[in-house]
Amino acid sequence: MEPVLEVKNLTKNFGGLCAVSNVSMEIMPGELIGLIGPNGAGKTTLFNLLTGVYEPSEGLIEMDVDGKKRQIGGLKPYKITDYGVARTFQNIRLFKSMTVLENVQVAMQRNIRYGTMTAILRLPKFYSEERWVREKAEEYLKEVGLYGKRHELATNLPYGEQRRLEIARALAIQPKILYLDEPAAGMNPQETADLTNLIHKIREKYHLTVILIEHDMSLVMNICERIYVLDYGKMIANGTPEEIKNNEFVIKAYLGEEI
């Protein structure tokens, strides 16, 4: 089996600051990977490099696209999305004046297969495609438990439900790789437990590779199969949860004590 994602000697400089330094990773299809480290370690910067928000200063990012390796480092975010990549953000970025359903539908417009004239003339293909978009959007909302609130404005949802709406919108892109940036931030223990179950469920159902940044170590240790650890922009360790929680360098840099 070939990796779905390979990162080779990836570096990002901002002037004299090296935010990510010589990072390499290898992710296999269907894996559930954790990315941890102290605040300011470069985790979100790495996500931004992998999703096209930033262009690498050095290094390669290769993704398996229909059986062929493609170099995606430096591509625009929309092009990387076309290859099957979706993400959520550390700070929630919903269209808050739109309904819950509309937030998911808007992510599906890239999959619509009718032209401008078909839309203007309201030909049968327009209605069939719009019906498909609505049905699929409702399916994703059912997956995250928000179908009953589909007509509410996104801004009226509680914080935890806004997080789940972001996940539903990401699923609507129909990704192969899903990046989750601190999905449990601000959640109470019950919401975190529900999120853990949701991540397991959507990974299995949609055959996803999931990579998540998270500070909740109970979630990371319970859900992730492998973990990468960043500190000051450098990869200091990777391994299974058991290996990471007993790694002396990780304990010193981040965990503070064995967990």
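Given the structure is predicted, the values throughout are model-derived calculations rather than measurements.

Enquirer: Help me understand the overall build of the chain, please; the structure alone is not making it clear to me.
Expert: If you tally the helices and strands in the chain, you get 10 helices and 10 strands. Relative to a compact globule of 259 residues, whose C-alpha radius of gyration would be 18 Å, the chain shows 19 Å and is just as compact. With the principal axes as the frame, the chain shows a C-alpha extent of 65 × 40 × 40 Å. Residues classed as buried in the chain amount to 53% of the 259 residues present. Pairs at least 24 residues apart make up 66% of the contacts formed inside the chain by residues separated by at least 6 positions. Accessible surface, the chain: about 12400 Å² in total, of which carbon and sulfur atoms supply 49%.

Enquirer: I would appreciate a short explanation of the packing of aromatic side chains in the present structure.
Expert: A ring pair, where both rings are aromatic, is described by two values, the distance of the centres and the angle of the planes. Under the defined criterion, the tally for this structure stands at 3 aromatic pairs. Judged by centre distance (5.2 Å) and plane angle (75 degrees), the rings of phenylalanine 14 and tyrosine 54 are edge-to-face. Of this pair, phenylalanine 14 sits in strand β1 (residues 5-14) while tyrosine 54 sits in the loop between α1 (43-50) and β4 (58-65), placing them 40 residues apart in sequence. With a relative accessible area of 35%, phenylalanine 14 lands in the partly exposed category. Judged by its relative accessible area of 28%, tyrosine 54 is partly exposed. Ring geometry for tyrosine 140 against tyrosine 206: centres 5.8 Å apart, planes inclined by 55 degrees, an arrangement best described as tilted. One end of the pair, tyrosine 140, is in helix α5 (residues 124-143); the other, tyrosine 206, is in helix α7 (residues 189-206), with 66 residues separating them in the sequence. Owing to a relative accessible area of 2%, tyrosine 140 belongs among the buried residues under this scheme. A cation over a ring is seen here: lysine 142 above tyrosine 147, with NZ or CZ 4.8 Å from the ring centre.

Enquirer: Would you mind showing me how to read the pairing of β1 here?
Expert: The side chains of a regular strand alternate between both faces of the sheet. Looking at chain direction, β1 and strand β2 (residues 17-27) are connected through 7 bridges and run antiparallel. If you follow phenylalanine 14 over to β2, its bridge partner there is leucine 17. Hairpin connection, β1 to β2: the antiparallel pair is bridged by 2 residues, and glycine 15 has positive phi, about 65 degrees. Pairing between β1 and β4: 5 bridges, direction antiparallel. Following the sheet pairing, leucine 5 is matched in β4 by methionine 63.

Enquirer: Please clarify how the pairing of strand β8 (residues 209-213) should be interpreted in this entry.
Expert: Extensive coverage of β8 is indicated by the burial of 5 of its 5 residues. Side chains Thr209, Ile211 and Ile213 project from β8 onto one buried face, and the interleaved Val210 and Leu212 project onto a second face that is buried too. Bridge count for strand β3 (residues 32-36) against β8 is 4 bridges, and the pairing is parallel. Note that in β8 the partner of leucine 32 across the bridge is valine 210. Summarising the sheet, strand β7 (residues 177-181) and β8 pair through 5 bridges and their orientation is parallel. Bridge pairing links isoleucine 177 to threonine 209 in β8.

Enquirer: Please explain the confidence of the model for the chain as it appears in this structure.
Expert: Interpretation of the predicted coordinates at a detailed level should be avoided for regions scoring low in pLDDT. Averaged over every residue, the pLDDT of the chain is 92; residues scoring 70 or more account for 99%. Within the chain, β1 carries the highest mean pLDDT (97), whereas helix α4 (residues 116-121) carries the lowest (80).

Enquirer: How should I be thinking about the nonpolar core in this particular structure?
Expert: Most often, soluble globular proteins keep nonpolar side chains buried together rather than apart. Core analysis: the largest hydrophobic core is formed by 54 residues, its most contacted members being Leu165 and Leu212. Beyond its immediate chain neighbours, meaning those up to four positions away, leucine 212 contacts Leu32, Ile33, Gly34, Leu35, Phe47, Leu180, Ile199, Leu219, Val220, Ile223 and Cys224. Membership of the second largest hydrophobic core comes to 28 residues, among which are Leu10, Ile33, Met63 and Val85.

Enquirer: When you look at the environment of tyrosine 127 in this model, what are you seeing that I'm missing?
Expert: Following the sequence through the fold, tyrosine 127 ends up in helix α5. Judged by relative accessible area, tyrosine 127 falls into the partly exposed class, the value being 45%. For tyrosine 127 and tyrosine 114, which are 13 residues apart along the polypeptide, the C-alpha to C-alpha distance reads 10.0 Å.

Enquirer: So what exactly am I meant to see when it comes to unusual backbone geometry here?
Expert: For residues other than glycine, phi is negative in most cases, and the peptide bonds are mostly trans. One non-glycine residue with positive phi stands out, namely glutamine 174, at about 60 degrees. In this structure, glutamine 174 sits in the loop between α6 (159-171) and β7. Residue class for glutamine 174 comes out partly exposed when judged on its relative accessible area of 38%. The residue histidine 207 is not glycine, and still its phi comes out positive at about 55 degrees. Given a relative accessible area of 68%, histidine 207 falls into the exposed group.

So, how was this worked out
Residue positions are counted from 1 within each chain, in the order its sequence is given. With pLDDT at 70 or above as the cut-off, local features in this predicted model cover only qualifying residues; side-chain atom pairs require 80 or more to be listed or tallied, and sums for whole chains, interfaces and linings still use all residues. For side-chain calculations, the full set of non-hydrogen atoms in the structure is used, while hydrogens and water are omitted. Numbering of helices and strands runs from the N terminus; a helix is a DSSP stretch of H or I covering at least four residues, while a strand is a stretch of E covering at least two. A radius of gyration in this sense is built from C-alpha atoms; the matching globule rule multiplies 2.2 Å by the number of residues raised to 0.38. A 1.4 Å probe rolled over the protein chains alone gives each residue an accessible area, and that area as a share of the maximum for its type sets the label: buried under 20%, exposed over 50%, partly exposed in between. Here, two residues are considered to be in contact whenever any of their heavy atoms come within 4.5 Å of each other. All accessible-area figures derive from a Shrake-Rupley calculation using a 1.4 Å probe, and residue coverage is judged against the displayed protein chains alone. Pairing of aromatic rings covers Phe, Tyr and Trp, the last through its six-membered ring, and needs centres within 6.5 Å; plane angles under 30 degrees mean stacked, over 60 mean edge-to-face, and all others mean tilted. The criterion is that NZ of a Lys, or CZ of an Arg, lies within 6 Å of the ring centre and within 35 degrees of the ring normal, and then a charge sits over that ring. Strands are labelled as partners when DSSP assigns at least two bridges between them. For every residue, the predictor reports its confidence as pLDDT, a number between 0 and 100. Residues belong to one nonpolar core when they are buried, are Ala, Val, Leu, Ile, Met, Phe, Trp, Tyr or Cys, and are joined through side-chain atoms within 4.5 Å.

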